Amino acid sequence: TESKHHRRGGDLQTRSTELGSAVAGSPLTAVLPASTTGKKSIVLSSETRKELAKQAKATKDERRAQIDERHKYLISRLADGIGLNEQQVEEAIISDDKFQLIEQFFAPSGLKKLLFFYQDVLQQKSNASLRSEGSVNSLLQKKLFITMGSTENFTGICAFFLRSSDKVITASNASQEVNFGIFDCINGNILQGLEFFLSQIMIPALKSQQNWGAVKEGLKNSQVQDFLYSVDKFVSTLSSSRQNIEDKIQLTKVDIDIYVSNLQNPSDYITAG
């Protein structure tokens, strides 16, 4: 009984893993990746590939049916901010294995942030000529995907949604309760992206803000002035640090043969020193 249970659990785990890979958004491959033991990859049968594709389509259709005005608001902002059309964004979202994070973001007292990366990702494409050898081709391709921001390297564009309260996010309050922003770090230059975001977006927005909540007098308030001064100072320090890093010392390779070719005995070395 234990043996049967173990086999059944293993089959279920394998099926779940295969389905997760199929739904994750990357094209279906003809082979499974090689194991860490270095064994040759296992070629999937055409029946297995068809079944995985069928399950992936069913999952995406189910998710597509769940999309409401809240999702459409996120999709619209993402499309405008990143430069994709709404159909492309919707397809990326319903194909993502972290799709459930969106519902957790909408829930009362839910996730405070929802992050999307749009950047080059290593994709695996099947190749008919290499299929018999259990191999795949890999290439970099732009991909929009949901992330927690702690596992993937950030090298492109980060689109983020932030909640301003613990209220449940509804179709009627999404535009008031959810803030959207873009953090552009093309080529992985995070310091430059942060500097641009603060200096060109956040600081001008703060300085043009009229309502500061419980703080009266707006920009004339000394606490607000101190805060804006601190932010300006931080951006200035950030800019200086970035420039120092970019202007780091570069050592030039020097051909020393012309200097040592005439050194033949110890006295010559002493004289040269």
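See the structure shown above.
Residues numbered from 1 in each chain as written. Predicted model: local features only at pLDDT ≥ 70, side-chain atom pairs only at ≥ 80, totals over all residues. Heavy atoms only, no water.

Trainee: Quick rundown of the pattern of salt bridges? Include the residues and the values.
Mentor: This model, assessed by the stated rule, comprises 12 salt bridges. Of the charged contacts, one joins Glu195 and Arg242 as a salt bridge, the two residues approaching to 2.6 Å between their closest N and O atoms. You can see Glu195 sitting in helix H7 (residues 190–207) and its partner Arg242 sitting in helix H8 (residues 222–246), a full 47 residues away along the chain. Taken individually, Glu195 and Arg242 each receive the classification buried, so the pair is uniform in this respect. Sharing partners across several salt bridges, the network here consists of Lys60, Arg64, Glu90 and Glu91. (Salt bridge = Lys/Arg side-chain N within 4 Å of Asp/Glu carboxyl O. Helix = DSSP H or I, 4+ residues; strand = E, 2+ residues; numbered from the N terminus. Buried < 20%, exposed > 50% of the residue type's maximum accessible area, 1.4 Å probe, protein only.)

Trainee: Before we move on, could you go through the environment of Ser199 and cite the residues and values that matter?
Mentor: Note that Ser199 resides in helix H7. Residues Ser199 and Ser236, spaced 37 residues apart in sequence, show a C-alpha to C-alpha distance of 9.2 Å. Setting aside chain neighbours within four positions, we find Ser199 in contact with Pro204 and Val235. Here Glu195 takes part through its backbone oxygen, which lies 2.7 Å from a polar atom of the side chain of Ser199. (Contact = heavy atoms within 4.5 Å. Polar contact = N/O pair within 3.5 Å; in protein donor to acceptor, adjacent residues only side chain to side chain.)

Trainee: Give a description of the packing of helix H2 (residues 46–66) against helix H4 (residues 86–94) that names residues and reports values.
Mentor: Between H2 and H4, the shortest axis-to-axis distance is 9 Å and the interhelical angle comes to 120 degrees. Judged on the interaxial angle alone, H4 and H2 are oblique. In this structure, the crossing between H2 and H4 has a hand that is right-handed. For the pair formed by H2 and H4, the contact residues are Lys60, Arg63 and Arg64 on the first element and Glu90, Glu91 and Ile94 on the second. A class-by-class count of the residues in the contact of H2 with H4 yields 1 nonpolar, no polar and 5 charged. (Axes fitted to C-alpha atoms, helices over the stretch in contact; angles between N-to-C directions. Parallel < 35°, antiparallel > 145°, perpendicular 65-115°, else oblique. Left-handed = near helix turned anticlockwise from the far one by under 90°. Nonpolar A, V, L, I, M, F, W, Y, C, P; charged D, E, K, R; others polar.)

Trainee: So, the environment of Leu140: which residues are in play, and what are the values?
Mentor: Within the secondary structure, Leu140 sits in strand E2 (residues 137–147). For the pair Leu140 and Gln123, spaced 17 residues apart in sequence, the C-alpha to C-alpha distance is 6.0 Å. Those residues in contact with Leu140 that lie beyond four places of it in its chain are Asp120, Val121 and Leu122.

Trainee: Break down the packing of helix H3 (residues 69–82) against H4 for me, with residues and values.
Mentor: Packing of H3 against H4 leaves a shortest axis separation of 9 Å and a crossing angle of 120 degrees. The orientation of H3 relative to H4 falls into the category oblique. Along this stretch, H3 crosses H4, giving a crossing that reads as right-handed. Residue-level inspection shows Ile75, Ser76, Leu78 and Ala79 of H3 in contact with H4, the latter providing Glu86, Val89, Glu90 and Ile93. Counted by class, the contact of H3 with H4 contains 5 nonpolar, 1 polar and 2 charged residues.

Geometric values such as these leave the question of function open.
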